[in-house]
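Structural overview for review
Residues per chain are reported as follows:
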Amino acid sequence: MRILHVIKTSEGAFWAVRQVAELVRNGVDVHVALPEQSGAAISAWQKTGATLHFVCCGFPINNLTALPERIAAVRRLVHEVRPELIHSHFVSTTLMLRWALGRNHDIPRVFQVPGPLHLEHWNSRWTEISSAGKNDYWIASSQSIMRLYEHANIPPAKRFMSYYSADTDLFSTHRENYLRDRLNIPRKAVVVGNINLIYPPKWYLGQTVGLKCHEDVIEAISQVQRVRDDVWGVLIGGTFGKSRAYEEKLRRFARDKGAGKILMPGKFNAAEVGLSWPDFDCAVHIPLSENCGGVVEPLLSGVPTIAGEVGGLPEVVHTGRTGNVVPIRRPDLLAKAVLDVLDNYDEYKRMANLGRELVSVMFDAERCADEVSSIYRHILFGEARPLEFEPQHFTREREVLVH
């Protein structure tokens with residue numbers, strides 16, 4: 001099989017890198033379209049063994065005058081590669097492919113949907129779905145996304161399910177006190193927080209806080225600190241984009257609320273993230289919208305985790321089994337949940353260890369790539385439809401769920 005993967009960024013999307021690397025190892029002839037020859041992810045892409053093409057395939061929403069040139073570039077790329085199937089990982093690249101090639105192009109196109117945000121707003125949902133043609137298919141990367149396409153009346157034969165993988169080998173449960181020493185946090189302190197990029201509010205979507213709800217996390221930690229003076233808050237990550245105004249606003253809020261004990265040290269690289277997670281005693285992730293990310297890494301590190309009741313997060317964090325789920329935009333309830341973790345730490349640690357087992361299977365790169373290969377073969381050759389992983393049925397005894 002010759003498959004063309006279309007990527008919007010050269011800076012990230014490491015979940016797509018892992019998928020492509022496994023597909024190449026499975027003997028798939030993979031070509032990848034990337035917008036630039038430089039970027040944080042280029043070295044990783046080069047190691048996959050895929051053939052790389054540097055063509056910008058994102059829809060130029062902020063510069064529509066570039067649309068004719070972009071359309072021509074996409075058409076040239078497809079003519080040059082001559083793939084049997086095209087696999088897009090972003091809304092922007094999906095729309096561009098459909099515009100450039102037309103609704104009824106002969107080559108099957110698969111959109112693996114990385115998150116539910118565009119489906120949660122009628123205008124962006126309509127724009128994406130209405131642009132699809134007879135040879136367009138969808139891979140939902142969570143059951144939550146699958147349900148959204150079901151409610152949008154996408155036929156079952158057109159939609160599949162496969163989680164994006166995580167780098168399950170990067171994370172350890174062993175605490176080396178890397179983060180505490182780096183930030184001068186006492187060894188006996190309790191560390192609560194998360195590792196997330198910072199996304200300023202999208203006013204056109206009606207957001208009054210950032211996508212990851214850093215404001216609510218800061219407020220909740222400050223409430224916990226009024227009860228427990230040994231608690232420190234740590235929010236690792238920097239702004240996605242160029243403007244730092246919102247990030248600076250959050251820093252001021254954290255200083256005011258935490259009296260110097262809610263820290264925002266900025267971006268960490270992947271190795272630093274892997275070293276830092278075991279230093280957390282409780283991870284909190286309560287975004288406005290999310291797929292499954294944000295809770296996978298702390299669980300891989302055996303950290304008790306609290307998740308927001310949105311998107312695919314409850315597929316990973318099961319209340320009473322692998323952690324706790326709370327409503328979003330309720331910092332008071334989040335604070336109570338954190339205190340419950342700290343008061344019943346041994347039980348939550350047991351849940352986190354079960355969560356580690358779950359995500360190690362659920363987001364295993366080899367398993368996920370096998371699912372995607374099976375989807376390709378089903379679309380192209382009519383082979384049997386692949387089975388779907390069902391995390392709600394996971395137990396230690398049922399590792400047969402690994403397909």
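Concerning helix α6 (residues 143-151)
When α6 is considered as a whole, its buried residues turn out to be Q143, S144, I145, M146 and Y149. In this fold, the buried residues of α6 make contact with β5 (109-113), α5 (122-130), β6 (136-140), β7 (159-161) and α12 (313-316). Among the residues trailing α6, N153 stands out with phi positive, at a value near 70 degrees.

So, the nonpolar core
One finds Y149, Y163, I185, V234, F280, V316 and F363 to be the most contacted residues of the largest nonpolar core, which totals 52 residues. Ranked by residues supplied to this core, first place goes to helix α14 (residues 345-362) with six residues. Sequence-distant contacts of Y149, that is, excluding residues within four places in its chain, are made with F111, V113, H118, L119, E128, I129, W138, I154 and R159.

Structural notes on the environment of V110
Along the polypeptide, V110 turns up in strand β5. Separated by 67 residues in the primary sequence, V110 and N177 have C-alpha atoms spaced 44 Å apart.

A word on the confidence of the model for the chain
When the pLDDT values of the chain are averaged, the result is 95; 98% of them are 70 or greater. Scored below 50 in pLDDT, residues 397-403 shows twelve contacts in the model against residues more than four places distant or in partner chains.

Thoughts on the sheet that holds strand β1 (residues 2-6)
If you walk across this open sheet you meet the seven strands as β3-β2-β1-β4-β5-β6-β7, and the pairing is parallel. Sheet topology places β3 (51-54) and β7 at the edges, where each strand pairs with a single neighbour. Pairwise comparison of adjacent strand axes, ignoring direction, gives a mean angle of 25 degrees for this sheet. Bridge count between β6 and β7: three bridges; the pairing is parallel. Note that in β7 the partner of I139 across the bridge is F160. Packing against the sheet, helix α1 (residues 14-25) makes contact with β1, β2 (29-34), β4 (85-88) and β5, and its axis sits at approximately 155 degrees to β2.

Observations regarding the pattern of salt bridges
Per the stated rule, a full pass over the model turns up 23 salt bridges. Taking the shortest distance from any N to any O, the salt bridge between D136 and R109 comes out at 2.7 Å. Of this pair, D136 sits in strand β6 while R109 sits in strand β5, and the two are 27 residues apart along the sequence. Just as D136 is buried, R109 falls in that class too. Here D279 makes a salt bridge to R180, at a shortest N to O gap of 3.3 Å. One end of the pair, D279, is in the loop between α10 (270-276) and β11 (282-285); the other, R180, is in helix α7 (residues 178-183), and 99 residues separate them in sequence. Residues participating in the shared-partner salt-bridge network are R98, R109, E128 and D136.

With respect to the sheet that holds strand β9 (residues 231-236)
As summarised here, the arrangement of the six strands in space is β10-β9-β8-β11-β12-β13, forming an open sheet in which the pairing is parallel. In the strand order of this sheet, the two ends are held by β10 (262-266) and β13 (324-326), each with one partner. Looking at each pair of strands side by side, their axes are set apart by 25 degrees on average, direction ignored. Across three bridges, strand β12 (residues 305-308) lies against β13 in parallel orientation.

Some details on the pairing of β3
Across four bridges, the pairing between β2 and β3 is parallel. Along β3, the bridge assignment pairs A33 with H53. Note on the crossover from β2 through helix α2 (residues 42-47) to β3: the handedness is right-handed.

Considerations on the packing of helix α8 (residues 214-227) against helix α13 (residues 331-343)
The description of two helices packed together rests on the angle between their axes and the distance between the axes. Closest axis-to-axis distance for the α8/α13 pair is 8 Å, and the angle between their directions is 50 degrees. In terms of axis orientation, α8 runs oblique to α13. As α8 packs across α13, the resulting crossing turns out to be right-handed. Across the interface between the two elements, D216, V217, E219, A220, Q223, V224 and V227 of α8 pack against P331, D332, L334, A335, V338, L339 and L342 of α13. Looking at the contact of α8 with α13 residue by residue, the class counts come to ten nonpolar, one polar and three charged.

Let's talk about the packing of aromatic side chains
The final tally for this structure, using the stated rule, is nine aromatic pairs. Here the aromatic rings of W138 and Y149 are separated by 5.6 Å at their centres, their planes lie at 40 degrees, and the arrangement is tilted. Note that W138 is positioned in strand β6 and Y149 in helix α6, a separation of eleven residues in sequence. Connected via pairs of aromatic rings, a cluster forms that spans W15, F90 and Y164. Above the ring of F268, the side-chain terminus of R182 is found at 3.9 Å from the ring centroid.

How each quantity is defined
- Residues numbered from 1 in each chain as written.
- Predicted model: local features only at pLDDT ≥ 70, side-chain atom pairs only at ≥ 80, totals over all residues.
- Heavy atoms only, no water.
- Buried < 20%, exposed > 50% of the residue type's maximum accessible area, 1.4 Å probe, protein only.
- Helix = DSSP H or I, 4+ residues; strand = E, 2+ residues; numbered from the N terminus.
- Contact = heavy atoms within 4.5 Å.
- Core = buried A, V, L, I, M, F, W, Y, C linked by side-chain atoms within 4.5 Å.
- pLDDT = per-residue confidence, 0-100.
- Pairing = 2+ DSSP bridges.
- Axes fitted to C-alpha atoms, helices over the stretch in contact; angles between N-to-C directions.
- Salt bridge = Lys/Arg side-chain N within 4 Å of Asp/Glu carboxyl O.
- Right-handed = clockwise from strand over helix to strand, strands pointing away.
- Parallel < 35°, antiparallel > 145°, perpendicular 65-115°, else oblique.
- Left-handed = near helix turned anticlockwise from the far one by under 90°.
- Nonpolar A, V, L, I, M, F, W, Y, C, P; charged D, E, K, R; others polar.
- Phe/Tyr/Trp six-rings, centres within 6.5 Å; stacked < 30°, edge-to-face > 60°.
- Lys NZ or Arg CZ within 6 Å of the ring centre and 35° of its normal.

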